[in-house]
Amino acid sequence: MKKKILLCLAAFQLFGCNELQQVVNQLPQAGALGNEEIASGLKEALNFGIEKQVSKLSAQDGFFKNELVKILLPEELSKVDKTLRDIGLGKLANEGLKVLNNAAEDAVREATPIFVDAVKNMSFTDAKNILLGADNAATTYLEQQTNSKLYAKFNPIIEQSFKKVGADQIWSNLITKYNTLPLTNDVNPDLTEYVTQEALEGVYTMISIEEKEIRNKVSSRSTDLLKRVFTLQD
């Protein structure tokens, strides 16, 4: 015991306070998390968020009844929607919007495996950068890793969904007609492209919400591993 005390005194005499703190920081700490555990904790958080939020969006009216991600008409066509409602055709307007949102819901059902692969292939360096990064660092990582794959999966499903109910032709004719009107800005008549991009944005929006919950609310960390790992970024 005396030997340990003497060593501590000697260390204090040899080093200034700052230098001594650096030495202490480099010593192994009890209960420290290893690289594998940190990566596992982050992957668990991402998989949990993906499963929870993607399943919400793929449910019936998962987009249509969620004001955060509900797909509306392109901004340039919002007056068409307003006009229908103003003359008492709100039900018709809703049905038109439902077609867009239901197509997105059909597509999102295919998203989970793509997200799971992205999480599975995450390196420890990726995990550490995400853990200590901004509130949306994980969402940004997933968007970078999955955007092109999700687009390739979503686009044909949305196109097929429109064709099933004849919506592709209806909307194409409507938008083409609108583009011929004077003093209007042309709108892309490819509604499949528009809804694909909106669906992608909706998915990342909901995952971002889940990420912020886990980062900022201890009560959202539902397992011991999540609590231990996310303590590092608190």
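Here the structure is a predicted model, which is why all the values come from computation and not from measurement.

Asker: Please clarify how the overall build of the protein chain should be interpreted in this entry.
Answerer: Secondary structure assignment for the protein chain yields eleven helices and zero strands. When the helices and strands of the protein chain are placed in sequence order, the string is α-α-α-α-α-α-α-α-α-α-α. Going through the 234 residues of the protein chain one by one, you find that 35% of them count as buried. Looking at the protein chain as shown, the accessible area adds up to about 14,000 Å², and 54% of this sits on carbon and sulfur atoms.

Asker: Got a minute to help me understand the pattern of salt bridges in this structure?
Answerer: It is possible for side chains of opposite charge to pair when their charged atoms get near one another. Evaluated as defined, the whole model comprises four salt bridges. Between glutamate 210 and lysine 52 there is a salt bridge; the shortest N-O distance is 3.5 Å. Of this pair, glutamate 210 sits in helix α10 (residues 191-216) while lysine 52 is found in helix α3 (residues 35-58), placing the two residues 158 residues apart along the sequence. The partly exposed category is assigned to lysine 52, whose relative accessible area is 35%. For the salt bridge of glutamate 159 with lysine 163, the shortest nitrogen-to-oxygen distance reads 3.8 Å. Taken as a pair, glutamate 159 and lysine 163 lie in helix α8 (residues 137-165) at a separation of four residues, close to a single helical turn.

Asker: I tried to follow helix α7 (residues 124-131) on my own but got confused; where do I start?
Answerer: An α-helix turns once every 3.6 residues. As a result, residues three or four positions apart point the same way. Regarding α7, the residues found buried are Ala127, Ile130 and Leu131. Projected down its long axis, α7 carries its buried residues within an arc of 95°, all on one side.

Asker: Can you walk me through empty space enclosed by the protein in this structure?
Answerer: Gaps between atoms show up when a probe of the same size as a water molecule is rolled over them. Going through the model one piece at a time under the given rule, you end up with one cavity of 30 Å³ or more. Forming the boundary of the largest cavity are twelve residues, of which Ala45, Leu46, Ala138, Glu211 and Ile214 lie nearest the centre. For the lining of the largest cavity, the secondary structure elements donating two or more residues are α3 and α10. Here the residues of the lining of the largest cavity are counted per class, giving eight nonpolar, one polar and three charged.

Asker: Where do I start with the nonpolar core in this structure?
Answerer: The tendency in soluble globular proteins is for nonpolar side chains to be buried as a group. Of all hydrophobic cores here, the largest spans 42 residues; its most connected members are Phe115, Leu142 and Phe154. Broken down by secondary-structure element, the contributors of at least two residues to this core are α3, α5 (90-108), α6 (112-120), α7, α8 and α10.

Asker: Would you take a moment to explain the side chain of threonine 139 for this structure?
Answerer: Within the fold, threonine 139 resides in helix α8. Of the polar contacts made by the side chain of threonine 139, one reaches the side chain of glutamate 211; its length is 2.7 Å.

Asker: Looking at this structure, I do not really get α6. What am I missing?
Answerer: Those residues of α6 that sit buried are Ile114, Phe115, Ala118 and Val119. Here the buried residues of α6 occupy an arc of 135° about the axis, which is enough to place them on one side. Residues of α6 that are buried make contact with α3, α8 and α10.

Asker: Explain the confidence of the model for the protein chain to me, please; I cannot follow it from the model alone.
Answerer: Considering every residue of the protein chain, the mean pLDDT works out to 76; 72% of them sit at 70 or more. Here residues 1-31 is a poorly scored stretch, pLDDT under 50, and it has five contacts once near neighbours within four places are set aside; other chains count.

Asker: What is the right way to read the environment of leucine 200 from this model?
Answerer: Relative to the helices and strands, leucine 200 is located in helix α10. What makes leucine 200 buried here is its relative accessible area of 2%. Separated by 93 residues in the primary sequence, leucine 200 and alanine 107 have C-alpha atoms spaced 9.6 Å apart. Excluding residues within four positions of it along the chain, leucine 200 makes contact with Asn147, Leu150, Tyr151 and Phe154.

Asker: Hey, could you run me through the packing of α6 against α8 in this one?
Answerer: Pairs of packed helices are described in terms of their axes, by the angle between the two and the distance that separates them. Here α6 crosses α8 at 145°, and the two axes come no closer than 9 Å. Relative to α8, the crossing made by α6 is right-handed. Of the residues in α8, those touching α6 at Ile114, Phe115, Ala118 and Val119 are Tyr141, Leu142, Gln145, Thr146, Lys149, Leu150 and Lys153.

Asker: Would you mind showing me how to read the packing of aromatic side chains here?
Answerer: Two numbers describe a pair of aromatic rings. These are the distance of the centres and the angle of the planes. In total, this model carries one aromatic pair according to the counting rule given. Residue placement shows lysine 70 over the ring face of phenylalanine 64; its charged tip is 4.4 Å from the ring centre.

Asker: Would you take a moment to explain the environment of leucine 57 for this structure?
Answerer: Tracing the backbone through its elements, the reader meets leucine 57 in helix α3. Separated by 52 residues in the primary sequence, leucine 57 and arginine 109 have C-alpha atoms spaced 8.2 Å apart. Excluding residues that lie within four positions of it along the chain, leucine 57 makes contacts with Gly62, Phe63, Asn66, Val69, Glu105, Val108, Gly202, Val203 and Met206.

Parameters and conventions
- Residues numbered from 1 in each chain as written.
- Predicted model: local features only at pLDDT ≥ 70, side-chain atom pairs only at ≥ 80, totals over all residues.
- Heavy atoms only, no water.
- Helix = DSSP H or I, 4+ residues; strand = E, 2+ residues; numbered from the N terminus.
- Buried < 20%, exposed > 50% of the residue type's maximum accessible area, 1.4 Å probe, protein only.
- Areas by Shrake-Rupley, 256 points an atom, 1.4 Å probe, with all protein chains shown as cover.
- Salt bridge = Lys/Arg side-chain N within 4 Å of Asp/Glu carboxyl O.
- Arc of directions from axis to C-beta.
- 1 Å grid on protein atoms, 1.4 Å probe; cavity = no way out; pocket = protein on both sides within 12 Å on 5 of 7 lines; lining within 4 Å.
- Points joined across faces, edges and corners; volume = space filled by probe spheres on them.
- Nonpolar A, V, L, I, M, F, W, Y, C, P; charged D, E, K, R; others polar.
- Core = buried A, V, L, I, M, F, W, Y, C linked by side-chain atoms within 4.5 Å.
- Polar contact = N/O pair within 3.5 Å; in protein donor to acceptor, adjacent residues only side chain to side chain.
- Contact = heavy atoms within 4.5 Å.
- pLDDT = per-residue confidence, 0-100.
- Axes fitted to C-alpha atoms, helices over the stretch in contact; angles between N-to-C directions.
- Left-handed = near helix turned anticlockwise from the far one by under 90°.
- Phe/Tyr/Trp six-rings, centres within 6.5 Å; stacked < 30°, edge-to-face > 60°.
- Lys NZ or Arg CZ within 6 Å of the ring centre and 35° of its normal.

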